[in-house]
Amino acid sequence: MVLSLLKSMVTSSRSAATAEAEHTQKGQGAPRVFDFHGGIHPPEHKALSNRAPLVAAPLPREVVLPLSQHIGAPAQPLVEIGQRVKTGELIARAQGMISAPVHASITGVVTAIEPRQIPHVSGLEDQCIVIEREGEIDEWARLEAWRDWRQQEAQDLIQRLQDAGVVGQGGAGFPSAVKARVRERHAIDTLILNAAECEPYITADDLTMRTHPEALIEGLEILASLIGPVCILIGIEDNKPEAVIALEQAIRARRADKRLPPLDSRLEVVVVPTKYPSGGEKQLIKLLTDREVPSRGLPADVGVVVHNPGTVRAVQRAVCFGEPMISRVVTLTGEALQHPHNVEARLGTSIADLLRLAAPAPTGIARLVMGGPMMGFTLESDALPIIKTTNCLLASSPESLPAPAVEQPCIRCGMCEQACPAELLPQQLYWFSKAREFDKAELYNLADCIECGACSYVCPSQIPLVQYYRFAKGEIRSAQHEARKSERARHRFEFKQARMAREEAEKEAKRQQRAQAAQKSAAARADASAAAETTSASAATTTAAAAQPAPATDIKAFKTARAAANIALKKAEKALKAAQDGGESSESDIAKLEANVTAAKTKLASAESALKAASEASESAAPAAAGASTASTSTTGTAAPAADLKALKTARAAANIAVKKAEKALKTAQDSGEGDIPALETSVAEAKARLAKAEGDLKAASEASESAAPAAASASATGAAADLKALKTARAAANIAVKKAEKALKTAQDSGEGDISALETSVTEAKARLAKAEGDLKAATDAAGAAQGTDKGPVASAAAGSAQTTDTGAAGSSAGAAAPAAAAPSADIKALKTARAAANIAVKKAEKALARASESGEGDIEDLQTLLATAQENLRAAEVRLNSAQAGSTDATPAAKGAGELIPEAPKPAAGSVGRGSMASNVTLSQTEIEASRAENLAKRHKQVSIAVKAAEAAHRKAEAALSEADDENRQRLATKVDRTRRNLEHARESLAEVQALVDAQ
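Only a predicted model underlies this, so the values are computations on that prediction, with no experimental measurement involved.

1. Notes on the overall build of the protein chain
And then number 1: Helix and strand content of the protein chain: 29 helices and 17 strands.
And then number 2: Counting every position in the protein chain, which comprises 1002 residues, the buried fraction comes to 39%.
And then number 3: Approximately 52600 Å² of the protein chain is accessible, and the part contributed by carbon and sulfur atoms is 55%.

Okay, here's the thing in C-alpha cells:
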C-alpha cells in the first residue's frame, strides 16, 4: 500500500462553482444524494493524465498472459508450445463456475507455457502462456456478432459473457457472467454504473466515458435485459464534468432514436460530491439509494448490482461485435512521466513498453505502483505484464513519493474511527491484529474492512493499519482452510468406519449362515440315526437352542444396513444441494441427483421396515426361547441384562451426540443467518426427545438389573469381581472429569472469559459424581468381602448335584444334542482366530500411525491414541473369546463319543474360575487371567502414550527452533506449525494423565 504520498491533510470544502452546480441540479428535480460515514479528501492529481485523449497502444512484440487474471479458479491451457494462434482465439478455458477463460491478445506463436512473475501484491509466480507476435499481422478470430442482440435469449447472452472472458475491471476481477445470473436468487431493482473513480491519479474510467458514452449506454441496456432492474443509476463524482456531459448527451440521443425500442428502465446520471472512497461499492450504494449492505453481505442482498465502466464496455464489445476481452484502458501517470495519458493496451503487454510511451523523466522512476496511491501496491520490476484488473501505472519521483515514515506508538486519538467509511473501530482491530487475537478481530467485523487506507492516511502515528488488517485476514483464511480440511477428513473417516462396520456385519451374517447350515446338517444326520422318540425331541430342542443367536445377528445386520442407507441419503441430499447452490449443473444433472435422493429415501425406508420386522420377530421369539430350558436360565440369564444394559448405554451416548450435533448446527445457522432454522429447531427437539427416551430406557433397565442382582449373586462370584472392576474404572473416570472441570474453571478465571458460573456448576456436579462413584465402589468392596466365604459352597454343590441327576434318558438326549454341536466349535474357533488376526493388524496400524504423527508433529494425536486404545481393547477381547472357545472345545470332546455312552460327572469348578455359559464357547478365562490381561494392555498403552509425549515434545522443540531461524517468507507457515505441535503436545500430556489415573485406580 502506497500512502506516504498523501499524508498532507486537505480541506474538505468544495468550490463555489460546485456548490452552484448542485443548487441548479436540485432545482431541476435531480435524484437525491445521501452521505456515508467518514471519508477523506486527499489531493486528486487527476489533471496530470485527463487532459490528453485516449489512444491505442502499439501492438506488443510479445505478450505474457497469466492463467489467473480473475478471482476464482485459474484457467486451463488449451494450446501447446509452437502452436500458432489468432487474436481473440481461446487459449485457456475456465474451470468451474467462478472462473474465466483467457484469449490470445495478438496473432503469433506460443513460445512458452511456464511460471512467470505476475503483477500481484505477493510478488509470486504463476502459470503463464507466452505468445510472440508474427510480423505485423493482426488476424482476428471473433465470435458471432449480435448487433440485434435483443432477439437473443437471456441464457445465450450470459453464455456469451462467459465465453468472452469478461470480468470486472474495477476490483478483484469477478466474472461478469456470474453477476448476470444474480436475479435467479435475488430480487434486483437497481443497476448502478460505478463511475465515481475516487482514487487519486486514476482517470481510466473518466476517459472511457468521454470517448465511448454510446457503448456504455448500450452495455447498460444489455445488462439490464439480464438483470431486470427498475432503474439504472450512473454515479459519478462532480470532478468529471466532461464525462457527465458526454453521458447525458448519449442518453438523450438514445431516447430520441425511434428505430430502437424505448428503454425498459429509468436511466439517470447522478452527480455525487467528491470524497474518498465514494467509489467503494457499499459507499456508492449508500450515496445513491441510502441502503446499507449488511455485514459480510453482498449488494444483491439489498437489490443492487454494481458494474464498472470498463466492464460495461467489454460487455458491449463481446455481445455486439463478438470481441473477447483482450484489451483494457490503462492510466499512465505520475510525476516521473513527461507525457502522462491513457492508452488502450492489449492484455499481456509489458509494463516497460507502456511506460516508454509516456516518456519517463531522465531522473528515473523512484517507485512504480500498480493502482492508485491509496489501494495500489508497489512493483519491484517493470518486466511484468498488464492483466484484466490493471487500471493504472503510477510512476512517482523521489519528491512526490518519499519513503514511509517510522511507525510510532498509537496515541488513541480516534481519528481513524472518524475516517473509516465502513463504520468500524480501526484502533481495536489494530490491537487485535497485532496481538494475533484473530477471533476477537472477527467479532469486530474485520471482514467488512474494504482496505481503502483512509485510517492509515489520517493516523498521526504513521501506523500502516491496513497492513495489519491484511495480515489478520490472511491468518483467518488459513485457519478456516485448515478447519475445512479437518472436517472433510472427519467425514471420510466416519464413512470408512460405516463401510467397515457394514462389511463386518455382512461377513458375520455369512458366517452365521454357514454355522446354521452346518448345525442343521448335523441335526439331520442325528435325526436319521436316532431311533427313540426322546432322541428326536432332544435333537429338535438342540436345534432350536442353536438357532437362538440368529435373531440378534440379523438385527445387527439390519441396523448396519439402516445406518448405511441413512449415510447414502445424506450424501445424495448434500450433492443435490451443492449442485443447486452452485448453479453450474444442468437440469438433467439436477434431475439425476433428485432421482438419487428419491432412491436413497426408498432404500432407507426399506431398511427401516426390515429392521422393525426383525425387531418384532425377535421380541415375539423371546418368550419361547426363555421357556425352552429352565436349567440354562440360571447360567445365561445374567449375561442378557448386561448386554442389554450396554446396548442401552451406547444408545444413550449416541442420542447425546446427536443432540450436540443438532444444537451445533442450529447455533451455526443462527449466527450466520443461513439455513432452515425452523427445521433445525425441530431436529433439536426430536434429538432431545430421543435422548430422553434413551435415558428412560436405560434407567428402567438399570433398575431391573439392580432388582435381579440378589438372585444372580449366588450364580457367579465373578460377576461381583467384574462389577468391582467397572466401579474402579468409573471412579477413575469421575476423578479425571473433576480435574478437567477444575482446569477449565481455572483457565476461565485467569483469562476473565467464559461462563464462570456454569463452569463452577460443572465442577460441583463432577465432584458429586466422584463422591457417588467412590461410595458405590466402597459398598461393592464391602459386599464382595462379606460374600466371599458363603458363595463358593452353594455354587459347587449346585454344580455337583446337577451333574449327578443325569439319568439314562438324559444321557440319550445329551448324546443327540452333541451331534449338531460338534461342528460349531471348530467353525467358531476359525472365525475367532480370524477376528484375533484382524484385531492384531488394527493395533499395529494404529501404533504405526501414532508413531508417524508423533515424529512429524502433525495430525490429531489424541484421536490416534483413542483409536489405538480401542484397537488394543478389541484385540484383548478377541484373545479372550478365542481362548474361551478353545478351552470349551477341549472340554466338549468327551460329550460327543456316542449316543449310548453315559455322560461322565461334570467336574467341580476350580476356586476363582468363572461359571460356564450355554454358548458353544462355554468356558471363559479365570478372573485372575482377565485382570492380568487388562493390566498388561494398560501398561502397554501407558508406555505408548509416554513415547508419544516424548515425540510430541521433540517435534515441538524442533518447530520452535525452525521458527526462530526462519526468514520472513516462511515465518507465518512455521508459526502455524508451532501452534499445531503445541496442541498435539497438550493432547498427549492429557492422555498420559488419563492413562496414569487408570493405572493408579487399578
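Alright, that's what it looks like, and here's the rest.
2. Digging into the side chain of H70
And then number 1: With respect to the helices and strands, the residue H70 is situated in the loop between strand 2 (62-66) and strand 3 (76-77).
And then number 2: A polar contact of 3.0 Å, which involves the side chain of H70, links it to the backbone oxygen of A73.
And then number 3: Among the polar contacts made by the side chain of H70, one reaches the main-chain amide nitrogen of A100 at a distance of 3.3 Å.
And then number 4: Sequence-distant contacts of H70, defined by excluding residues within four places in its chain, comprise A75, S99, A100, V167, A172 and G173.

3. Some points on the UniProt feature "binding site: [4Fe-4S] cluster 1" (unreviewed entry) in the protein chain
And then number 1: Sites flagged by UniProt as "binding site: [4Fe-4S] cluster 1" (unreviewed entry) map to C410, C413, C416 and C459. Spanning 50 residues, the named residues nonetheless gather at one spot, since no C-alpha pair among them exceeds 10.9 Å.
And then number 2: For C413, the position within the fold is in the loop between strand 17 (392-396) and helix 10 (415-419).
And then number 3: Other than its neighbours up to four places away in sequence, C416 contacts P426, Q427, C455, V458 and L465.

4. Thoughts on the side chain of T289
And then number 1: Positionally, T289 belongs in helix 7 (residues 281-289).
And then number 2: Since its relative accessible area comes to 18%, T289 is described here as buried.
And then number 3: A polar side-chain atom of T289 sits 2.6 Å from the main-chain carbonyl oxygen of I285.
And then number 4: Those residues within four positions of T289 in sequence are excluded, and the remaining contacts are F34, T190 and L233.

5. Remarks on the sheet that holds strand 5 (residues 90-93)
And then number 1: The strand order across the open sheet formed by 3 strands is 3-5-6, and the pairing between neighbours is antiparallel. This sheet does not close on itself; its edge strands, each paired only once, are strand 3 and strand 6 (102-103).

6. Some thoughts on the environment of A557
And then number 1: One can find A557 in helix 16 (residues 549-582).
And then number 2: Put simply, A557 and E508 are 49 residues apart on the chain and 8.4 Å apart in space, counted from C-alpha to C-alpha.

7. Notes on the nonpolar core
And then number 1: The biggest cluster of nonpolar side chains holds 42 residues, and the ones touching the most others in it are L191, L220, I234 and I236.
And then number 2: Listed by contribution, the elements that provide at least two residues to this core are helix 2 (154-163), helix 3 (176-180), strand 9 (190-195), helix 5 (213-227), strand 10 (231-237), helix 6 (241-256), strand 11 (266-272) and helix 8 (309-320).
And then number 3: No other element matches helix 5, which puts 8 residues into this core.
And then number 4: If we skip the residues at most four places from it in the chain, L191 touches L220, L223, A224, I227, P229, C231, I232, L233, V305 and H307.

8. Some words on unusual backbone geometry
And then number 1: With omega at 5°, the peptide bond leading from Y276 into P277 counts as cis.
And then number 2: Not every positive phi belongs to a glycine, and R296 is a case in point at roughly 60°.
And then number 3: With respect to the helices, strands and loops of the structure, R296 is situated in the loop between helix 7 and strand 12 (304-307).
And then number 4: In this structure, N445 is a non-glycine residue whose phi angle is positive, near 60°.
And then number 5: Along the polypeptide, N445 turns up in the loop between helix 12 (438-443) and helix 13 (454-458).

9. What about the sheet that holds strand 17?
And then number 1: Pairing in this open sheet of 6 strands is mixed, and the strands run 1-14-13-17-15-16 from one edge to the other. The strands lining the two open edges of the sheet, one partner per strand, are strand 1 (55-56) and strand 16 (377-379).
And then number 2: Pairing of strand 13 (residues 327-333) with strand 17, which is carried by 3 bridges, proceeds in the parallel orientation. The residue of strand 17 that forms the bridge with T331 is C392.

10. So, the pattern of salt bridges
And then number 1: By the definition in use, this model includes 40 salt bridges.
And then number 2: Between K688 and E663 there is a salt bridge whose closest N-O contact spans 3.7 Å. Note that K688 is positioned in helix 20 (residues 677-707) and E663 in helix 19 (residues 639-672), a separation of 25 residues in sequence.
And then number 3: Its relative accessible area of 44% is what places K688 among the partly exposed residues.

11. Some points on the state of the cysteines
And then number 1: Here the structure, examined in full by the defined rule, presents 0 disulfides.
And then number 2: C455 takes part in no disulfide bond, and the closest cysteine sulfur, belonging to C452, lies 6.3 Å away.

12. Quick word on the packing of aromatic side chains
Describing an aromatic ring pair means giving the distance of the ring centres and the angle of the ring planes.
And then number 1: Taken as a whole and assessed by the stated rule, the structure comprises 4 aromatic pairs.
And then number 2: Aromatic side chains Y430 and Y468 sit 5.0 Å apart centroid to centroid with 85° between the ring planes, which places their arrangement in the edge-to-face category. Residue Y430 is found in helix 11 (residues 426-434), and its partner Y468 is found in helix 14 (residues 465-529); the two are separated by 38 residues along the sequence. Like Y468, Y430 is buried.
And then number 3: A network of ring pairs unites the aromatic residues Y430, W431 and Y468 as a single cluster.
And then number 4: When the ring centre of F495 is taken as origin, the NZ or CZ atom of K571, which lies over that ring, is 4.5 Å away.

13. Topic: a positive patch on the surface
And then number 1: The grouping of R484, K485, R488 and R492 at the surface amounts to a positive patch.
And then number 2: Following the sequence through the fold, R484 ends up in helix 14.
And then number 3: When its relative accessible area of 44% is taken as the criterion, R484 is described as partly exposed.

14. Brief notes about the environment of P294
And then number 1: By secondary structure assignment, the location of P294 is in the loop between helix 7 and strand 12.
And then number 2: With 154 residues separating them in the primary sequence, P294 and D448 have C-alpha atoms 9.2 Å apart.
And then number 3: Aside from chain neighbours lying at most four places away, what touches P294 is K282, D301 and V302.

15. Thoughts on the environment of R328
And then number 1: Looking at the element boundaries, R328 is found in strand 13.
And then number 2: Overall, the relative accessible area of 4% leaves R328 in the buried class.
And then number 3: Residues R328 and A345, 17 residues apart in the sequence, show an inter-C-alpha distance of 5.8 Å.
And then number 4: For R328, the side chain forms a polar contact with the main-chain oxygen of T390, separated by 2.6 Å.

16. A few points about the pairing of strand 13
And then number 1: Across the 7 residues of strand 13, 6 count as buried, placing the element largely inside the fold.
And then number 2: Across 6 bridges, strand 13 lies against strand 14 (residues 341-346) in antiparallel orientation. Opposite T331, over in strand 14, you have N342 as the bridge partner.

17. Observations regarding the pairing of strand 17
And then number 1: Taking burial as the measure, the 5 residues of strand 17 include 5 buried ones, the bulk of the element.
And then number 2: Because side chains alternate across strand 17, one face comprises the buried residues C392, L394 and S396, and the other comprises L393 and A395, equally buried.
And then number 3: Pairing between strand 15 (residues 367-370) and strand 17: 4 bridges, direction antiparallel. Opposite R367, over in strand 17, you have S396 as the bridge partner.

18. Re the confidence of the model for the protein chain
And then number 1: Taken over all residues, the pLDDT of the protein chain has a mean of 79, while the share at 70 or more is 79%.
And then number 2: Between residues 539-550, whose pLDDT stays under 50, and residues either more than four places distant or in other chains, the model counts 10 contacts.
And then number 3: Counting interchain partners and residues more than four positions distant, the pLDDT-below-50 stretch residues 711-718 has 9 contacts.

19. Quick look at a nonpolar patch on the surface
And then number 1: Together, I71, I98 and F174 line one region of the surface with nonpolar side chains, adding up to about 210 Å² of accessible area.
And then number 2: With respect to the secondary-structure elements, I98 resides in the loop between strand 5 and strand 6.

Rules used in this analysis
Residues numbered from 1 in each chain as written. Predicted model: local features only at pLDDT ≥ 70, side-chain atom pairs only at ≥ 80, totals over all residues. Heavy atoms only, no water. Helix = DSSP H or I, 4+ residues; strand = E, 2+ residues; numbered from the N terminus. Buried < 20%, exposed > 50% of the residue type's maximum accessible area, 1.4 Å probe, protein only. Areas by Shrake-Rupley, 256 points an atom, 1.4 Å probe, with all protein chains shown as cover. Polar contact = N/O pair within 3.5 Å; in protein donor to acceptor, adjacent residues only side chain to side chain. Contact = heavy atoms within 4.5 Å. UniProt positions renumbered as here; feature names shortened; annotations may be inferred. Pairing = 2+ DSSP bridges. Core = buried A, V, L, I, M, F, W, Y, C linked by side-chain atoms within 4.5 Å. Salt bridge = Lys/Arg side-chain N within 4 Å of Asp/Glu carboxyl O. Disulfide = S-S within 2.5 Å. Phe/Tyr/Trp six-rings, centres within 6.5 Å; stacked < 30°, edge-to-face > 60°. Lys NZ or Arg CZ within 6 Å of the ring centre and 35° of its normal. Patch = residues over 30% accessible without salt bridge, like charges linked within 9 Å, V, L, I, M, F, W, Y side chains within 5 Å. Lys, Arg positive; Asp, Glu negative; His and termini not counted. Charge placed at Lys NZ, Arg CZ, Asp CG, Glu CD. pLDDT = per-residue confidence, 0-100.

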